[in-house]
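Understanding the architecture of this molecule
Here is what each chain is made of, one letter per residue.
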Amino acid sequence: MSLIAASAGTYDLALVLGNLLIIILVARLAAEVAERLKIPAVLGEIVAGIIIGPSVLGWIDPISHLAVADMVLLLGEIGVILLLLQVGLEMDLGELAKVGKPALFVALIGVAVPFAAGFGVASAFGEEGKIALFIGAALTATSVGITARVLGDLRALSRTESRIVLGAAVADDVLGLVILTVVVKVVTEGSIGAGVVFETLGLALGFLLVTGLLAIYVVPRLFTEIDRRAKSSTTVVAAAFALTLGFSLLAGEAKLAFIIGAFMAGIGIGRSPQHERIAEGLNPLGHIFIPVFFASIGINADLEAMFQPSVLALA
């Protein structure tokens, strides 16, 4: 699709806006169709991305316009950060703690079984040890964003089962980080010291501990104080988004996914008396940018590569 060029710095602003227009409209239409078919809207948004991406219609080509793709991906990442903030706002830390043991059990099974099965199947298909290790490690990954979105679409976030699933997803992120670190070191260096494993695990657990304590003892009081001193009613909303970005950056420093930080920020903000006003202020942004993230998954999917016989057989 040809769009009028309007250069703004190193990227084409008109192309970015045009791509964003297509993504929002098509993703929303696909989500409406999905909801009428009684399936989660997120599936419609991913399929919409596949349709408008290079695999089908080619309206949006992330390969030919890399700078534009990066800009759209950035907006999508903001969307998924808002999604996990929303999920955190609906979570109760006390209720989440009650499902800690079953969530950890689910996480351990959800990491061990895919890793062992992935390694075993890849080895049976004749893949060398290093590749088989990578396939096993890749299968341990859990998409917290898609999990949260599906549960949200089903309006099931308040259920005990949902808390177990989300708790397991966060634990999976920590365990997957350790496994990936070990696999990469073993493949590239041939061995790994126990110190690297403990450092990786310590950073992740330290982040969860520190942000958990902040969520309980500091964040609610902080927002009460901000609300008391602020002249504008929107200040507390802006402060909530700033806190979310700050927690996300801390998660990145701990080598965790940024969205884990957003989730922890949401838990803390959800304990404040201002959480409903904050949700009302930020949810509309999520309605715009969250579909961009899921559509970008479909846009970046390479159906030609995925449907090769050898890939399908291994999958």
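The text that follows walks through the structure, step by step, so that each part is easy to find. Predicted model, so just to flag it, every value in this text is computed and none were measured.

Analysis parameters
- Residues numbered from 1 in each chain as written.
- Predicted model: local features only at pLDDT ≥ 70, side-chain atom pairs only at ≥ 80, totals over all residues.
- Heavy atoms only, no water.
- 1 Å grid on protein atoms, 1.4 Å probe; cavity = no way out; pocket = protein on both sides within 12 Å on 5 of 7 lines; lining within 4 Å.
- Points joined across faces, edges and corners; volume = space filled by probe spheres on them.
- Helix = DSSP H or I, 4+ residues; strand = E, 2+ residues; numbered from the N terminus.
- Core = buried A, V, L, I, M, F, W, Y, C linked by side-chain atoms within 4.5 Å.
- Buried < 20%, exposed > 50% of the residue type's maximum accessible area, 1.4 Å probe, protein only.
- Contact = heavy atoms within 4.5 Å.
- Axes fitted to C-alpha atoms, helices over the stretch in contact; angles between N-to-C directions.
- Parallel < 35°, antiparallel > 145°, perpendicular 65-115°, else oblique.
- Left-handed = near helix turned anticlockwise from the far one by under 90°.
- Nonpolar A, V, L, I, M, F, W, Y, C, P; charged D, E, K, R; others polar.
- Phe/Tyr/Trp six-rings, centres within 6.5 Å; stacked < 30°, edge-to-face > 60°.
- Polar contact = N/O pair within 3.5 Å; in protein donor to acceptor, adjacent residues only side chain to side chain.
- Expected span 1.5 Å × (residues − 1).
- Salt bridge = Lys/Arg side-chain N within 4 Å of Asp/Glu carboxyl O.

**Some points on the layout of surface pockets**
Any space left empty among the atoms is revealed by the rolling of a water-sized probe across them. Of the volumes computed, that of the largest pocket is approximately 740 Å³. Lining the largest pocket are 29 residues, and of these Gln 86, Arg 149, Gly 152, Asp 153 and His 287 lie nearest its centre. Contributions of two or more residues to the lining of the largest pocket are made by helix 1 (13-36), helix 2 (41-52), helix 3 (66-90), helix 7 (144-153) and helix 12 (275-299). In terms of residue count, helix 12 provides more of the lining of the largest pocket than any other element does, 7 residues in total. Each pocket or cavity is described by its volume, and for the second largest pocket that value is around 620 Å³. For the second largest pocket, the lining is made up of 23 residues, of which Leu 96, Gly 100, Gly 167, Val 170 and Leu 208 are closest to its centre.

**Description of the nonpolar core**
Phe 223, Phe 263 and Ile 269 are the most contacted members of the largest nonpolar core, which has 53 residues in total. Ignoring any residue separated from it by four or fewer positions in sequence, one finds Ile 269 in contact with Leu 85, Leu 89, Val 219, Phe 223, Ala 240, Leu 243, Thr 244, His 275 and Ile 278. One finds Val 16, Ile 60, Val 72 and Val 292 within the second-largest nonpolar core, a separate group that totals 15 residues.

**Brief notes about the packing of helix 1 against helix 2**
Between helix 1 and helix 2, whose axes approach to 7 Å, the crossing angle comes to 135 degrees. The pairing of helix 1 with helix 2 is recorded here as oblique in orientation. Pair helix 1 / helix 2 crosses with right-handed handedness. On helix 2, the residues that touch Ile 22, Ile 23, Val 26, Ala 27, Ala 30, Ala 31, Ala 34 and Glu 35 of helix 1 are Ala 41, Gly 44, Glu 45, Ala 48 and Ile 52. Taken together, the residues of the contact of helix 1 with helix 2 sort by class into 10 nonpolar, 1 polar and 2 charged.

**As for the packing of aromatic side chains**
Counted under the stated rule, the structure contains 1 aromatic pair. Between Phe 293 and Phe 294, the ring centres sit 5.0 Å apart and the planes meet at 80 degrees, which makes this aromatic pair edge-to-face. An identical accessibility class is assigned to Phe 293 and Phe 294; each is buried.

**Regarding the side chain of Glu 45**
Mapped onto the elements of the fold, Glu 45 is located in helix 2. Ignoring any residue separated from it by four or fewer positions in sequence, one finds Glu 45 in contact with Ala 27, Ala 30, Ala 31, Arg 149, Pro 291, Phe 294 and Ala 295.

**Brief notes about unusual backbone geometry**
In the Ramachandran plot, Lys 38 falls in the positive-phi region, its phi being about 65 degrees despite a non-glycine side chain. Backbone geometry at Lys 255 places phi at a positive 70 degrees, although glycine is not the residue there. Along the chain, Lys 255 turns up in the loop between helix 10 (235-253) and helix 11 (258-270). We classify Lys 255 as exposed; its relative accessible area is 55%.

**As for the side chain of Thr 140**
The topology assignment puts Thr 140 in the loop between helix 6 (129-138) and helix 7. Assessed through its relative accessible area of 2%, Thr 140 is described here as buried. Side-chain polar atoms of Thr 140 contact the backbone oxygen of Ala 137, separated by 2.6 Å. Dropping the residues within four chain positions of it, Thr 140 is found in contact with Val 111, Pro 114, Phe 115, Gly 176 and Ile 179.

**Looking at helix 11**
In an α-helix, one turn spans 3.6 residues, which is why side chains three or four residues apart end up on the same side. In this model, helix 11 (13 residues) spans 19 Å end to end at C-alpha, consistent with the 18 Å of a helix rising 1.5 Å per residue. Taking burial as the measure, the 13 residues of helix 11 include 12 buried ones, the bulk of the element. Buried within helix 11 we find Ile 259, Ile 260, Gly 261, Ala 262, Phe 263, Met 264, Ala 265, Gly 266, Ile 267, Gly 268, Ile 269 and Gly 270.

**Here we look at the pattern of salt bridges**
With the rule as written, the count across this model stands at 7 salt bridges. Glu 161 is paired through a salt bridge with Arg 159; the nearest N and O atoms lie 3.7 Å apart. Between Arg 229 and Glu 225 there is a salt bridge, with the nearest N and O atoms lying 2.5 Å from each other. Note that Arg 229 and Glu 225 are positioned in helix 9 (residues 194-229) at a spacing of 4 residues, about one turn of the helix. Classification of Glu 225 by relative accessible area gives partly exposed; the value is 30%. Taken together, the shared-partner salt bridges connect Arg 28, Glu 32, Glu 35 and Arg 36 into one network.

**As for the environment of Val 218**
Tracing the sequence through the fold places Val 218 in helix 9. For the pair formed by Val 218 and Ser 272, sequence separation is 54 residues and the distance between their alpha carbons is 9.9 Å.

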